[in-house]
Amino acid sequence: MAKQDNDTPPPLPEPLRVPVADSHTHLDMQDTTVEAALAKAASVGVTTLVQVGCDLAGSRWAADTAAAHDSVHAAVALHPNEAPRIVLGDPDGWSRQGARGAGGDAALDDALAEIDALAARPEVRGVGETGLDYFRTGPDGTAAQQRSFRAHIEIAKRHDKALVIHDREAHDDVLRILREEGAPDRVVFHCYSGDAAMAEICAAAGYFMSFAGNVTFKNAQPLRDALVVAPPELVLVETDAPFLTPAPYRGRANAPYLIPHTLRAMAEIKGMTEDALASAVAANTARAFDY
């Protein structure tokens, strides 16, 4: 079999019969125009997108893009890895802003104030992606991450917006901080990464669990086990594009139009028909993001 060309976009999947939303995408990181991405997605039944910010520039862009396109809703936040970079500095320029010096707590406060202002805008339907990431940020960044996460929870509650959580190797602390602060009415675990036991905890709390293309990966049995126990009324689907491209296209750039691959795999895992899961996901996403 010929090796796939990772630079070639995957072909269009067969369209979904019941339209759904991509609950988490990063159009600003994809090699496309917004208009082309929306048209391609709509052609296969992905008719709504939630564009997610990870830093101030990306959050501004998300809000402006959602304001300009009826089928796009925005979420705004400082990514968990962004908070320690603001406080402690980013000498390597790993994030898109290039090298930055340490700004301390005052710089984080200033950035959070701008997220708060953006969260007030009507086209912004979520505060995220926020949360904790202990994979990429070491112990020196934990305090900044947790302070930022708590601030985002407060912002989401005050503006009555969904809280979109990035949780990487930090399940216990994420759940603990949600309990301590009191969770907003609508919480979305983006790119759900826990196991079945955690899915039961999330279900009991009424938290939405959004599954991405990695649910199709061979080594992802714990994710599939979690999806089995996740109640259909709390399940969302996302791309996290350009990341986490579903099988059989893993290794190529992801895009919202590839949602049907993930949704069909999810329906099979849950023992539901494609149309039944798509109907549930469409209603759940509208409920989660209040649109």
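In case you missed it, the structure is sitting above this.
Everything numeric in this text was worked out from a predicted model, so none of it was measured.

So, how was this worked out
Residues numbered from 1 in each chain as written. Predicted model: local features only at pLDDT ≥ 70, side-chain atom pairs only at ≥ 80, totals over all residues. Heavy atoms only, no water. Core = buried A, V, L, I, M, F, W, Y, C linked by side-chain atoms within 4.5 Å. Buried < 20%, exposed > 50% of the residue type's maximum accessible area, 1.4 Å probe, protein only. Helix = DSSP H or I, 4+ residues; strand = E, 2+ residues; numbered from the N terminus. Contact = heavy atoms within 4.5 Å. Pairing = 2+ DSSP bridges. Axes fitted to C-alpha atoms, helices over the stretch in contact; angles between N-to-C directions. 1 Å grid on protein atoms, 1.4 Å probe; cavity = no way out; pocket = protein on both sides within 12 Å on 5 of 7 lines; lining within 4 Å. Points joined across faces, edges and corners; volume = space filled by probe spheres on them. Nonpolar A, V, L, I, M, F, W, Y, C, P; charged D, E, K, R; others polar. Parallel < 35°, antiparallel > 145°, perpendicular 65-115°, else oblique. Left-handed = near helix turned anticlockwise from the far one by under 90°. Right-handed = clockwise from strand over helix to strand, strands pointing away. Expected span 1.5 Å × (residues − 1). Arc of directions from axis to C-beta. Phe/Tyr/Trp six-rings, centres within 6.5 Å; stacked < 30°, edge-to-face > 60°.

Chemist: Tell me about the nonpolar core, residues and numbers included.
Modeler: Among the nonpolar cores identified, the biggest contains 71 residues, and Phe149, Leu178, Phe189, Tyr192 and Phe211 are the most heavily contacted of them. For this core, the leading source of residues is helix H4 (residues 104-119), giving six residues. Each residue touching Leu178, except ones within four places of it in the same chain, is listed here: Phe149, Ile153, Leu163, Ile165, Ala183, Val187, Phe189 and Tyr207. Judged by nonpolar contacts, the second largest core, of 11 residues, contains Val50, Val52, Phe208 and Leu234.

Chemist: I'd love a proper account of the sheet that holds strand E3 (residues 72-76), names of residues and values included.
Modeler: Pairing in this open sheet of eight strands is parallel, and the strands run E1-E2-E3-E4-E5-E6-E7-E8 from one edge to the other. Looking at strand neighbours, the two that pair on one side only are strand E1 (20-25) and strand E8 (235-237), the edges of this open sheet. Between one strand axis and the next, the sheet turns through 30 degrees on average, direction left out of account. As paired elements, strand E7 (residues 208-211) and E8 share three bridges and run parallel to each other. Each residue of the ladder has a partner; that of Met209, found in E8, is Val235. Packed on one face of the sheet, helix H5 (residues 142-159) meets strand E4 (124-133) and strand E5 (162-168) and runs near 160 degrees to E4. Packed onto the sheet, helix H7 (residues 196-205) meets E5, strand E6 (187-189) and E7 and runs at close to 135 degrees relative to E7.

Chemist: Pulling in residues and values, what's your account of the layout of surface pockets?
Modeler: The computed volume of the largest pocket comes to approximately 870 Å³. Of all the elements in the fold, those that place two or more residues in the lining of the largest pocket are helix H3 (82-88), E4 and E5. The leading source of residues in the lining of the largest pocket is E5, at four residues. One number sums up the size of the second largest pocket: a volume of about 330 Å³. In terms of residue class, the lining of the second largest pocket is made up of 10 nonpolar, five polar and three charged.

Chemist: How would you sum up the packing of H5 against helix H6 (residues 171-181)? Please name residues and give values.
Modeler: Contact geometry for H5 and H6: axes closest at 11 Å, N-to-C directions at 45 degrees. Between H5 and H6, the angle falls in the class oblique. For the pair H5 and H6, the crossing hand works out as right-handed. Judged by residue contacts, Gln146, Phe149, Arg150, Ile153 and Lys157 of H5 engage Asp173, Val174, Arg176, Ile177, Leu178, Glu180 and Glu181 from H6. Its residues assigned to classes, the contact of H5 with H6 comprises five nonpolar, one polar and six charged.

Chemist: Describe the pairing of E7, naming the residues involved and giving the relevant values.
Modeler: Each regular strand shows side chains that alternate between the opposite faces of the sheet. Judged by which residues are buried, E7 turns out to be covered on both faces: Phe208 and Ser210 on one side and Met209 and Phe211 on the other are all buried. Handedness of the crossover joining E6 and E7 through H7: right-handed. Handedness of the β-α-β unit built from E7, helix H8 (residues 221-229) and E8 comes out right-handed.

Chemist: Tell me about helix H10 (residues 274-289), and name the residues and values.
Modeler: Counted at 1.5 Å a residue, the expected span for H10 with its 16 residues is 22 Å, and the 22 Å between its end C-alpha atoms agrees. Buried residues of H10: Glu274, Leu277, Ala278, Ala280, Val281, Asn284, Thr285, Ala288 and Phe289, and no others. Buried positions in H10, seen along its axis, are confined to an arc of 165 degrees and lie on one side of it. Residue Asp290 follows H10 closely and has a positive phi angle near 55 degrees.

Chemist: How would you explain the packing of aromatic side chains if you had to name every residue and give the values?
Modeler: Counted according to the given criterion, the structure contains two aromatic pairs. Measuring from centroid to centroid gives 5.8 Å for Phe189 and Tyr207, while their planes differ by 35 degrees, and the two rings are tilted. Of this pair, Phe189 sits in strand E6 while Tyr207 sits in the loop between H7 and E7, placing them 18 residues apart in sequence. Here Tyr192 and Phe211 contribute two aromatic rings whose centre-to-centre distance is 5.4 Å and whose plane-to-plane angle is 45 degrees, an arrangement assigned as tilted. A residue pair is termed long-range when its members are at least 10 positions apart, and Tyr192 in the loop between E6 and H7 and Phe211 in strand E7 qualify at 19 residues.

Chemist: Account for helix H9 (residues 259-270), with residues named and values stated.
Modeler: A rise of 1.5 Å per residue sets the reference length of H9, with its 12 residues, at 16 Å; its end C-alpha atoms lie 16 Å apart and thus fit the reference within 8%. All of the buried residues in H9 are Ile259, Pro260, Thr262, Leu263, Met266, Ala267 and Lys270. The arc that holds the buried residues of H9, viewed along the axis, is 160 degrees, so those residues lie on one side. Against E1, strand E2 (46-52), E7, H8, E8 and H10 lie the buried residues of H9. Positioned one or two residues after H9, Gly271 has a phi angle of 70 degrees, which is positive.

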